[in-house]
Amino acid sequence: MNWDDILILLEQGEGQSIEFEKFVPSPEDIARDMVAFSNSDGGRIVYGIDDKNKHLLGVNSGDDLESMIATIAKENCSPKLTPEVELVNKGGKGILIITVVEGDEKPYKTDDICYI
């Protein structure tokens, strides 16, 4: 995914298959979003962009975000998930994109709750 792809997602706006977040939230919130997408048709979560005014805020790309997401998907989600994690750099700022496919072992849960 590149910057132009992200701009296309921004133009489409949030919906059933795309979620924008300004910052990387807690592991619990990340797990809830991933589980919800797995229980539906799949989708993308984009961190580091304010979709209301289309500002690039960026995420702390110094953190090992890919490893953190993989750990959350394995330890906080049941059955475990294997999302695709990508970090796109633009203007010295990182944009974290998590792609979650529709699960084939539904229902998926986190916190013993099934999110949709």
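One can find the structure itself at the top, above this paragraph.
This write-up is about the structure you can find in this document. Computed from a prediction, not measured in an experiment: that's the story for all the values here.

Some words on the environment of K80
Then, in step 1: Assignment of secondary structure puts K80 in the loop between α3 (65-75) and β5 (84-90).
Then, in step 2: With a relative accessible area of 54%, K80 lands in the exposed category.
Then, in step 3: Each C-alpha atom of the pair K80 and K109 lies 9.1 Å from the other, and the pair is 29 residues apart in sequence.
Then, in step 4: For K80, the contacting residues outside a window of four places in its chain are A73, K74 and Y108.

Considerations on the packing of helix α2 (residues 27-39) against α3
Then, in step 1: Their axes nearest at 10 Å, the elements α2 and α3 cross at an angle of 65 degrees. Between α2 and α3, the crossing angle belongs to the class labelled roughly perpendicular. Two packed elements cross with a definite hand, and for α2 against α3 that hand is right-handed. On the side of α2, the interface is formed by P27, I30, A31 and M34, while α3 contributes M68, I69, I72 and A73.
Then, in step 2: Classifying every residue of the contact of α2 with α3 by side-chain character gives 8 nonpolar, no polar and no charged.

Quick look at the nonpolar core
One broad rule of soluble globular proteins: the nonpolar side chains tend to lie buried together.
Then, in step 1: I30, M34, Y47, I69, L81, L96 and I98 are the most contacted members of the largest nonpolar core, which totals 19 residues.
Then, in step 2: Listed by contribution, the elements that provide at least two residues to this core are α2, β2 (43-47), α3 and β6 (93-100).
Then, in step 3: With 5 residues, α2 is the largest single contributor of residues to this core.
Then, in step 4: Those residues in contact with I98 that lie beyond four places of it in its chain are I30, M34, G43, R44, I45, Y47, I69, P83 and E84.
Then, in step 5: Grouped together as the second largest cluster of nonpolar side chains are 10 residues, I6, L10, V46 and I95 included.

Here is what the cut-offs are and how they apply
Residues numbered from 1 in each chain as written. Predicted model: local features only at pLDDT ≥ 70, side-chain atom pairs only at ≥ 80, totals over all residues. Heavy atoms only, no water. Helix = DSSP H or I, 4+ residues; strand = E, 2+ residues; numbered from the N terminus. Buried < 20%, exposed > 50% of the residue type's maximum accessible area, 1.4 Å probe, protein only. Contact = heavy atoms within 4.5 Å. Axes fitted to C-alpha atoms, helices over the stretch in contact; angles between N-to-C directions. Parallel < 35°, antiparallel > 145°, perpendicular 65-115°, else oblique. Left-handed = near helix turned anticlockwise from the far one by under 90°. Nonpolar A, V, L, I, M, F, W, Y, C, P; charged D, E, K, R; others polar. Core = buried A, V, L, I, M, F, W, Y, C linked by side-chain atoms within 4.5 Å.

Just distances and angles here, no functional claims.
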